[in-house]
Amino acid sequence: MTINQFDPVLATMLNAELNRQRDGLEMIPSENFVSSAVLEALGSVATNKYAEGYIGKRYYGGCHHIDEIEALAINRAKQLFGAEHVNVQPLSGAPANIAAYSAILEKGDTVLGMDLSHGGHLTHGHPVTYIAGIYNFVRYKTAADGSIDYDNLRDMAIEHKPKLILVGYSAYSRDIDYARVKQIADEVGALTMADIAHIAGLIAAGEMNNPIPLFDVITTTTHKTLRGPRGGMIMCKQAFAKQIDKAVFPGLQGGPHENVIAAKAVAFKEALEPAFKDYARQIKLNAKVLEYEFSSAGYKIMFGRTDNHLLLVDVMGSKGVTGKQAQVALDLAGITVNKNAIPDDTRGPMDPSGIRFGTPALTTRGMKEIEMKQIASWMNSAIQNWQDIEQLEKIRKEILILTSRFPLYSDISY
Ligand SMILES: *Cc1c(COP(=O)(O)O)cnc(C)c1O
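Residues numbered from 1 in each chain as written. Predicted model: local features only at pLDDT ≥ 70, side-chain atom pairs only at ≥ 80, totals over all residues. Heavy atoms only, no water.

Help me understand the sheet that holds strand 11 (residues 300–301) in this model?
The strands that make up a sheet are held in pairs by hydrogen bonds between backbone atoms, and each pair lies either parallel or antiparallel. One open sheet accounts for 4 strands, arranged 11-12-15-14; its pairing is antiparallel. Strands at the two margins of the open sheet, each flanked by one partner only, are strand 11 and strand 14 (338–340). Sitting on the sheet, helix 13 (residues 323–333) is in contact with strand 14 and strand 15 (354–358), with an inclination near 45° to strand 15. (Pairing = 2+ DSSP bridges. Helix = DSSP H or I, 4+ residues; strand = E, 2+ residues; numbered from the N terminus. Contact = heavy atoms within 4.5 Å. Axes fitted to C-alpha atoms, helices over the stretch in contact; angles between N-to-C directions.)

What follows is the structure in structure tokens.
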């Protein structure tokens, strides 16, 4: 029985979400549209199988096909990133980070991580998280020019003697000098961890610096620029393989989601194809067009510029519109972004000064420079006319015409 036949109430909700994704402009930089093959793997019979443990060492019978599926995902990830060891079982990015910390740290150990308002992630030690009470997180910031302040990072490393130096970000638009960070870590005897959740696809495509040959542990999600299923992954040097595997299972998780692991295998195969390199390059080109258009329209681009797929823009400082006002207006116009704190924001997290947006999902739909120019103009108009419902409605109608030219999941309905 289909969802529609058995549960029309849910079918209506799913169709509404499908139409929202089709009709609007999805510009949240952590989101993407997976392929039909990835969706098929997610909905496959692999969801039925318990497989606690690892390949060849499971706590359940009947795992021989699942072992092959998991090995396929692991081998493709190794090929994609040049990793020595890969664990594809983390259920998402946050559990991957927690597992990684628990593998390499003792309670009370000091971790040097990036400040949330400078682009870091909650799981990098924000006080609201559970792990902030277990480890001692010290936060570094970006310099005035927008790059990570490596000299300050070194000073802090010497002062705090961290067990771990952590890099990686959710709202930071520049690349990282991993060799420099590794050098600082070696100087103070710290381990190195990179959380590449947002930029994994760009790294896989060779479009951003790759920490994997240099760093001890690398965590990521698989659903952002990598364009796979919602999930996590840990890569590490062989020396940490046993600890990492033990930390994921049985340390933190139970049975792995083998349907998601099958979908990861599909996504990694897609990312290994030459077309994915073009995709990654276009993501960056598109982001550069938005940067140019927003700068020209008088907006302050945080961190100076974008080297990746996203931009953090100070709408409050530039136009006197708060992040929340901008987000709500853009939503009404059919453009999905998120409000976001800017470095050392004095406004609260529920209505910060900035908005964060990016190009991975629109690029998946096939949009290029010319569409970006038009979109920037709509965004500027929506932000400046955030109280003008008629103008926002007019933009929404124009966007409907644009999105209808870039079909999404034409073969799907619920
Ligand atoms: C998105 C993200 C995560 C968390 O991923 P979830 O899948 O939402 O748990 C962790 N770290 C960084 C840097 C991220 O951007």
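On we go.
Explanation requested: the pattern of salt bridges in the structure shown.
When their charged atoms lie close together, side chains carrying opposite charge are able to pair. Applying the stated rule across the entire model yields 23 salt bridges. Lys277 is the partner of Glu207 in a salt bridge, and the nearest nitrogen-oxygen pair spans 3.8 Å. Highlighted residues: Glu207 in the loop between helix 8 (200–204) and strand 9 (217–221) and Lys277 in helix 11 (residues 274–296), separated in sequence by 70 residues. A relative accessible area of 34% places Lys277 in the partly exposed class. Each of the salt bridges in this network shares a partner with another, and the network as a whole consists of Glu207, Lys277, Asp278, Arg281 and Lys284. (Salt bridge = Lys/Arg side-chain N within 4 Å of Asp/Glu carboxyl O. Buried < 20%, exposed > 50% of the residue type's maximum accessible area, 1.4 Å probe, protein only.)

Honestly, the packing of aromatic side chains in this entry has me stumped. Any pointers?
Aromatic rings considered in pairs are described by the distance between their centres and by the relative angle of their planes. Inspection of every chain in the model, using the stated rule, returns 12 aromatic pairs. Considering the side-chain rings of Tyr172 and Phe303, the 4.8 Å spacing of their centres and the 75° angle between planes classify their relative orientation as edge-to-face. With a gap of 131 residues between them, Tyr172 in the loop between strand 7 (164–168) and helix 7 (178–188) and Phe303 in the loop between strand 11 and strand 12 (310–314) connect regions that are remote in the sequence. Across the pair, Phe303 and Tyr172 agree in class, each one buried. Seen in terms of ring centroids, Phe276 and Tyr279 are 5.4 Å apart; in terms of plane orientation they differ by 55°. Their pairing is tilted. Taken together, the positions of Phe276 and Tyr279, both in helix 11 and 3 residues apart, correspond to about one turn of that helix. (Phe/Tyr/Trp six-rings, centres within 6.5 Å; stacked < 30°, edge-to-face > 60°.)

What is the right way to read the packing of helix 15 (residues 369–384) against helix 16 (residues 389–404) from this model?
In a pair of packed helices, the angle between the axes and the distance between the axes together describe the arrangement. Contact geometry of helix 15 with helix 16 gives a least axis separation of 10 Å together with a crossing angle of 165°. The angle between helix 15 and helix 16 places the two elements in the roughly antiparallel class. Crossing of helix 15 over helix 16 shows left-handed handedness. When helix 15 is examined against helix 16, the residues Glu371, Ile375, Trp378, Ser381 and Ala382 are found in contact with a partner set consisting of Gln391, Leu392, Ile395, Glu398, Ile399 and Leu402. Across the contact of helix 15 with helix 16, the residue classes break down as 7 nonpolar, 2 polar and 2 charged. (Parallel < 35°, antiparallel > 145°, perpendicular 65-115°, else oblique. Left-handed = near helix turned anticlockwise from the far one by under 90°. Nonpolar A, V, L, I, M, F, W, Y, C, P; charged D, E, K, R; others polar.)

Would you explain unusual backbone geometry in this entry?
With the exception of glycine, the majority of residues adopt a negative phi angle, and the majority of peptide bonds are in the trans configuration. Of the consecutive residues Phe249 and Pro250, the connecting peptide bond is found in the cis state with omega at 5°. Relative to the assigned elements, Pro250 resides in helix 9 (residues 241–252). Phi is positive for Lys161, which is not a glycine, with a value near 45°. Looking at the element boundaries, Lys161 is found in the loop between helix 6 (150–160) and strand 7.

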